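Understanding the architecture of this molecule
Residue-level listing of the chains:
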Amino acid sequence: MPSKLLGRQNRALWFWIFVGPFVLGLTLFTYVPLAWSAYLSFFDAHNTVTPARFVGLDNYMAMLRDDAFTGSLVTFLVFTAFIVPATYVLSLSLALMVNRLPRAQAFFRSVFFLPVACSYVVAALIWKMSIFNGVRFGLANTVLGWFGADQIAWLSTTDPPWYWLVIVTVRLWLQAGFYMVLFLAGLQRVSPRLYEAAAVDGARPGWQVFRHITFPQLRATSVAVVLLLVINAFQAFDEFYNLLADSRGYPPYARPPLVYLYYTALGQGQNLGLGSAGAVILALIIAVVTVVQARWFGLGRKED
């Protein structure tokens, strides 16, 4: 009996028994909505997900001519310029420090990774209500008060734009631990013989070894980290919305693409056809940027 269950046909059957529910769920809740959104983008669809009138590329042209949508792409570029290098440097620094610990590596790895399990919504509310609250009870303003500085309305001050400090730090706290683990995996793949050979050649421990041995060996990991960081920056929504939105709505500044599309598709107008066109444009931009980055960094190229 056990041999019959392990036959070639039965192996395929068991494969689909285990994988089938996942494939079905992925198809129903991911691929079908994506295909329907792309289809809906060619129609006039107000307050409904049912296509009403075929408009061709009008929705796409309207989105590309919309200053609010193009402005949201500028917001993404600013956010990316802040969060990508900051997360890269911090996660790599944490990985280097944890990797050099003689003991308790598992403890510190878990401590730094723990924020990854926190909800973006919860973290944004903690940053908004407790740390960067615009009144004197907020932690940041309390610390400023110790030095005699004036209170700052962190999320509503646009000159200078202090809200970027709040947005970037909450995302940095949430995701640095994840990329630290990726760098740790890359560091553990570096052969100790390379460091021994460098020591024999007279290389000084520290910056010289890191520059000529460690960092080049982390090339593949660095490429993957940068790609993931840029893609995640495109998908930013929770921290922006929960930090800046209030009962009056969302302010006109610091509006990333997903927040703009949210208000376009589900706001007062509920123009789902226009929102779907914007979503398709955003998806195409993400795909193009990812491919260009992969080609530029040589992702998948054989190491010399």
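Thresholds, definitions, all that
- Just so you know, the residues in each chain are numbered from 1, in the order the chain's sequence is written.
- The model is predicted, so local features are restricted to residues of pLDDT at least 70 and side-chain atom pairs to those at 80 or more, both for listing and for counting; the totals for chains, interfaces and linings are taken over all residues.
- Computation of side-chain values covers all heavy atoms of the structure but excludes hydrogens and water.
- UniProt positions are given in the numbering used here, feature names are shortened, and annotations may be inferred rather than shown by experiment.
- Every helix listed is a DSSP run of H or I at least four residues long, and every strand listed is a run of E at least two residues long, numbered separately from the N terminus.
- Throughout this description, a polar contact denotes any pair of N or O atoms lying within 3.5 Å of each other; where both atoms belong to protein, one of them has to be capable of donating a hydrogen while the other can accept it, and for residues adjacent in sequence the pair is counted only when both atoms sit in side chains.
- Throughout, a residue-residue contact means that at least one pair of heavy atoms, one from each residue, lies within 4.5 Å.
- Pairing of aromatic side chains requires ring centres within 6.5 Å, counting the rings of Phe and Tyr and the six-membered ring of Trp. Pairs whose planes differ by under 30 degrees are stacked, by over 60 edge-to-face, and all others tilted.
- Burial classes: relative accessible area under 20% of the type maximum marks a residue as buried, over 50% as exposed, and values in between as partly exposed (1.4 Å probe, protein chains only).
- We define a nonpolar core as any set of buried Ala, Val, Leu, Ile, Met, Phe, Trp, Tyr and Cys residues linked to one another through side-chain atoms lying within 4.5 Å.

1. What to know about the UniProt feature "transmembrane region" (unreviewed entry) in the protein
Here the UniProt feature "transmembrane region" (unreviewed entry) sits at residues 12-32, 73-94, 106-127, 162-185, 218-237 and 272-292. Between the C-alpha atoms that bound residues 73-94 the distance is 31 Å, and the span itself is 100% helix and 0% strand. Annotated as residues 106-127, this span is 73% helix and 0% strand, and its ends, taken at the C-alpha atoms, are 28 Å apart.

2. Remarks on the side chain of Ser-41
With respect to the secondary-structure elements, Ser-41 resides in the loop between α2 (8-40) and β1 (43-44). Reaching out from Ser-41, the side chain makes a polar contact with the side chain of Tyr-60 at a distance of 2.6 Å. Contacts of Ser-41, omitting those with residues within four sequence positions, involve Gly-56, Asn-59, Tyr-60, Gly-273, Ser-276, Ala-277 and Val-280.

3. Structural notes on the packing of aromatic side chains
Following the criterion strictly, the structure yields 27 aromatic pairs and no others. Note on Phe-69 and Tyr-260: the rings are 5.8 Å apart at their centroids and 45 degrees apart in plane angle, and the pair reads as tilted. A residue pair is termed long-range when its members are at least 10 positions apart, and Phe-69 in helix α4 (residues 67-99) and Tyr-260 in helix α13 (residues 257-266) qualify at 191 residues. The buried category is assigned to Tyr-260, whose relative accessible area is 7%. When the centroid spacing of 5.3 Å and the interplanar angle of 90 degrees are considered together, the rings of Tyr-88 and Phe-183 count as edge-to-face.

4. So, the nonpolar core
Counting 58 residues, the largest nonpolar core has Met-63, Phe-79, Tyr-163, Ile-167, Phe-240, Leu-243 and Leu-244 as its most contacted members. Broken down by secondary-structure element, the contributors of at least two residues to this core are α3 (58-65), α4, α6 (120-131), α8 (163-188), α11 (219-234), α12 (238-244), α13 and α14 (272-297). Those residues in contact with Ile-167 that lie beyond four places of it in its chain are Phe-79, Glu-239, Phe-240, Leu-243, Leu-244 and Ala-254.

5. A short note on unusual backbone geometry
Asp-159 connects to Pro-160 through a cis peptide bond whose omega is 0 degrees. Along the chain, the position of Pro-160 falls in the loop between α7 (139-146) and α8. Backbone geometry places Ala-104, a non-glycine residue, at a positive phi of 60 degrees. Secondary-structure assignment places Ala-104 in the loop between α4 and α5 (105-113).

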